[in-house]
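Understanding the architecture of this molecule
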Amino acid sequence: MTKMWKYEKSFVIGSDQNQEKILLWWIQNFRRNVRQTPLVFLDFGISDFALQHVYSDVDLVVPFRTIENRKVWFNKPGAMKKSESRISCWMDIDTQILTDISDIFDHHVSGKLTIARDPVMIRQGQDKAMNSGIVVYDEETLPILDLWEQECINNHTVRGDQEALRELCLRDKTVDNSINILSQDYNWLRLMYMRGEDSLSKKVIHWTGPTGKDILLKKIIPKFDEKREEIMTKIGHDWKPEQ
């Protein structure tokens, strides 16, 4: 039986309580740049206060039970399967959208995960390194997402979800053949940007790692919209990098 999807296409994000300030900024910045495509939010456990603002600004909220005793990012492939969309684009919320990126769906290839390489890690000798901050996928990739989810649950030797995906690609030719490389302009990494590597056609800056989160919280978000400051200050904690 063919599944009936709520949306033909959607952008998908997720967050827990530790990143609420970034989350609320991200949604507002998304809405400034992307007018038409639905936005789906996977709730990894945010506060009631933040959730009421999220409900008013996204198209669908999906509660998600996170993996016990694992860093929050290991929930990504499982959460991606809950998008209620035939074609989806997952985005980490430490990404800064610079323009309308609705054309990212033009790069979708059915049955494949469309994802950018990680040039920084490749230069350090990690063949096939990818950055999973932005991934375009569809209903035909669900078996690959299942494998990726299990790798995130069971592989306790990797640092994060993208390293788990790389391990799968190195070990399983079927998974490796299910990768479609996305233009770097849709996922311009912080380390590239801060080392002077730039592109006039970049569409998204990905502020990776604790340093990137600090840049967002201290330099980018405060300048975004002073009217949001009251909401931000009512959230009763600041972001702290996970150890």
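Sequence positions are assigned chain by chain, starting from 1 and proceeding in written order. Residues qualify for local features only when their pLDDT is at least 70, as the model is predicted, and side-chain atom pairs are given and counted only at 80 or more; totals for whole chains, interfaces and linings, by contrast, use all residues. Hydrogens and water are ignored here; the side-chain numbers use all heavy atoms of the structure.

1. Looking at helix α5 (residues 142-154)
What counts as a helix is a DSSP run of H or I of at least four residues, what counts as a strand is a run of E of at least two, and both are numbered from the N terminus. A helix is expected to span 1.5 Å multiplied by its residue count minus one. Under the 1.5 Å per step criterion, the end-to-end length of α5 is 18 Å for 13 residues, consistent within 8% with the ideal 18 Å. Exposed residues in this analysis have more than 50% of their type's maximum accessible area, buried residues have under 20%, and partly exposed residues fall in between, with area computed by a 1.4 Å probe over protein chains only. Those residues of α5 not exposed but buried are Ile144, Leu145, Trp148, Glu149, Glu151 and Cys152. Angularly, the buried residues of α5 cover 160° about the axis, an arc narrow enough to put them on a single face. Pointing more than 90 degrees away from the buried face of α5 are the exposed residues Pro143 and Asn154. In this description, one arc is meant: the one made by directions from the helix axis to the C-beta atoms.

2. Observations regarding the nonpolar core
Among buried residues, those of type Ala, Val, Leu, Ile, Met, Phe, Trp, Tyr and Cys that are joined through side-chain atoms within 4.5 Å constitute a nonpolar core. Counting 39 residues, the largest nonpolar core has Phe11, Ile13, Trp26, Val54, Met91 and Ile104 as the members making the most contacts within it. Counting residues per element, the ones that place at least two in this core are β1 (7-15), α1 (20-33), β2 (39-43), α2 (48-57), β4 (85-91), β7 (130-138), β10 (204-206) and α9 (209-224). Ranked by residues supplied to this core, first place goes to α1 with seven residues. Two residues qualify as a contact provided that any one of their heavy atoms is within 4.5 Å of a heavy atom in the partner residue. Setting aside its immediate chain neighbours within four residues, Val54 contacts Leu23, Leu24, Ile27, Phe41, Ile46 and Val61. Counting residues in hydrophobic clusters, the runner-up holds 29 residues, among them Met130, Tyr137, Trp148 and Leu165.

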